[in-house]
Amino acid sequence: MSSPADTFATFVDRLADALRDDEAGAIDGAELAARVGFSRFHLDRIIRSVAGENPGAFRRRILLERAAFRMLTTRMPLLDVAVDAGYSSHEAFTRAFTREFGAAPAHWRHSAATFRLPAGNGVHFHPPGSIRLPMRDRESEMELLERMTAHHIWLTGEMIRVAGELGDDELNRPIEIDVDDDEQSVRSLLARMVGQLAMWNAVMAGRPYDLQVEDHQSLGDLRDILAVEGPAFHEHVREVTAGERLDETFVDASGDPVEVISYGGNLAHILTFAAYRRVLVLLALNHAGHGELGWGDPRFWVADQPAE
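Residues numbered from 1 in each chain as written. Predicted model: local features only at pLDDT ≥ 70, side-chain atom pairs only at ≥ 80, totals over all residues. Heavy atoms only, no water.

Asker: What is the right way to look at the overall build of the protein in this model?
Answerer: Broken down by element type, the protein carries 13 helices and 4 strands. Relative to all contacts within the protein whose residues are 6 or more apart in sequence, the contacts with residues 24 or more apart total 60%. Summed over all atoms, the accessible surface of the protein reaches about 18900 Å², with 56% contributed by carbon and sulfur. (Helix = DSSP H or I, 4+ residues; strand = E, 2+ residues; numbered from the N terminus. Contact = heavy atoms within 4.5 Å. Areas by Shrake-Rupley, 256 points an atom, 1.4 Å probe, with all protein chains shown as cover.)

Dropping the structure here:
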């Protein structure tokens, strides 16, 4: 006999199926109950006992979260968003959305920080079209490293595949490094590495960041900025990993379109692009006769750290 937790998991799975099929806004409580194999009365009792919400309220919240996500990450007209969320009119959607998010959709779309609504059960819409249970698919630090390793192996294979299309002359031609549109220098690369920390600290706090501030920073400026932004970013990573929150998401409104990024994915992004910048700077320093840092290999740095 199924436990209430099993029934709740099945209910979430059926609602997730409807989200993926883009029909969740059209099905009602009776239809959802039938898909789970219960009467609406019994399903209401079970879901409320496990989740603290009845199935209708749970479904409406998930659909509003999906609507908010679409508003942030697409230019989808608000009327289309409303219809997909199960509302028959723009006015009805506006009332429901304003009640839950505290602002009308058109205004909220340009000032949002998160698309999730408070929920004691910790179950939320998970982009692009599913539902996340708090104890499922938890991304640990080791899993993040494993994913980065898997990505490296996959990408290496893809590069070998593409290189097979080159002739010997192209394959063996020396590479002139030019990784960005702008001219690379030790200063500009150091400014970008420090600025990357400052930028993501700002993004995660919902503050604007102007990339142009990096154009004329001195080494003294960079030391001062790093002294503030480095520890702040490190502490944020500590909090996220300690709380097993690498799979949680935040809104990056710094570009167009707005993106929703997981903390784990963002950390992988930062470490990946910081790595190539570090290598370029180390090569330049070595070429200038200052090679005491070698390759800056993290193996040796980690080995020298005292145990906590």
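Asker: Sorry, what's going on with the packing of aromatic side chains here?
Answerer: Think of a pair of aromatic rings as described by two things: how far the centres are apart, and how the planes are tilted against each other in angle. Scanning all chains against the criterion turns up 11 aromatic pairs. Seen from their ring centres, Phe8 and Phe58 are 5.8 Å apart, and the 85° between their planes marks the pair as edge-to-face. Remark: Phe58 occurs in helix 4 (residues 55–73) and Phe8 occurs in helix 1 (residues 4–20); sequence separation between them is 50 residues. With respect to burial, Phe8 and Phe58 carry one shared label: buried. Taking 5.7 Å as the distance between ring centres and 55° as the angle between the ring planes, the aromatic pair formed by Phe69 and Phe125 counts as tilted. Taken as a pair, Phe69 in helix 4 and Phe125 in strand 1 (residues 124–126) lie far apart in primary sequence, 56 residues in all. Overall, the relative accessible area of 12% leaves Phe69 in the buried class. (Phe/Tyr/Trp six-rings, centres within 6.5 Å; stacked < 30°, edge-to-face > 60°. Buried < 20%, exposed > 50% of the residue type's maximum accessible area, 1.4 Å probe, protein only.)

Asker: Can you walk me through the environment of Phe41 in this structure?
Answerer: Examined against the element boundaries, Phe41 turns out to sit in helix 3 (residues 40–51). Residue classification places Phe41 among the exposed positions, given a relative accessible area of 55%.

Asker: Please clarify how the packing of helix 10 (residues 186–204) against helix 12 (residues 263–287) should be interpreted in this entry.
Answerer: Packed helix pairs are specified by the crossing angle of their axes together with the interaxial distance, meaning the distance between the axes. Following both chains from N to C, one finds helix 10 and helix 12 inclined at 165°, their axes separated by 9 Å at the closest point. By the angle between their directions, the pair helix 10 and helix 12 is classed as roughly antiparallel. At the point where helix 10 passes helix 12, the crossing takes the left-handed sense. Note on element contacts: helix 12 touches helix 10 through Tyr263, Asn266, His269, Ile270, Phe273, Ala274, Arg277, Arg278, Leu280, Val281 and Ala284, opposite Val186, Leu189, Leu190, Arg192, Met193, Gln196, Trp200 and Met204. (Axes fitted to C-alpha atoms, helices over the stretch in contact; angles between N-to-C directions. Parallel < 35°, antiparallel > 145°, perpendicular 65-115°, else oblique. Left-handed = near helix turned anticlockwise from the far one by under 90°.)

Asker: Any chance you could explain the nonpolar core here in plain terms?
Answerer: If you look at soluble globular proteins, the nonpolar side chains tend to sit buried side by side. By size, the foremost hydrophobic cluster in this structure holds 45 residues, and its most contacted members are Phe8, Phe11, Phe93 and Trp108. Elements supplying a minimum of two residues to this core: helix 1, helix 2 (29–36), helix 3, helix 4, helix 5 (78–84) and helix 6 (90–101). Beyond its immediate stretch of four places on either side in the chain, Trp108 contacts Ala68, Met71, Leu72, Phe97, Phe101, Ala103, Thr114 and Phe115. Formed by 13 residues, the second largest nonpolar core is a distinct cluster that contains Met199, Trp200, Met204 and Ile270. (Core = buried A, V, L, I, M, F, W, Y, C linked by side-chain atoms within 4.5 Å.)

Asker: Hey, could you run me through a nonpolar patch on the surface in this one?
Answerer: On the surface, Val279, Leu283 and Trp295 cluster together into a nonpolar patch covering about 310 Å² of accessible area. With respect to the helices and strands, the residue Val279 is situated in helix 12. Take Val279: its relative accessible area is 31%, and that puts it in the partly exposed class. (Patch = residues over 30% accessible without salt bridge, like charges linked within 9 Å, V, L, I, M, F, W, Y side chains within 5 Å. Salt bridge = Lys/Arg side-chain N within 4 Å of Asp/Glu carboxyl O.)

Asker: Please clarify how the pairing of strand 3 (residues 249–252) should be interpreted in this entry.
Answerer: Here is the key point about a regular strand: its side chains alternate between the two faces of the sheet. Here strand 3 shows two buried faces, one formed by Thr249 and Val251 and the other by Phe250 and Asp252. The sheet contact formed by strand 3 and strand 4 (residues 259–262) spans 4 bridges and is antiparallel. Directly across from Phe250, in strand 4, lies its bridge partner Ile261. (Pairing = 2+ DSSP bridges.)

Asker: For this particular structure, what's the right way to read the side chain of Thr241?
Answerer: Within the secondary structure layout, Thr241 lies in helix 11 (residues 219–242). Residue Thr241 is classed as buried on the basis of its relative accessible area of 17%. Of note is the side chain of Thr241, whose polar atom sits 2.8 Å from the backbone oxygen of Val237. At 3.2 Å, the side chain of Thr241 and the backbone oxygen of Arg238 are in polar contact. (Polar contact = N/O pair within 3.5 Å; in protein donor to acceptor, adjacent residues only side chain to side chain.)

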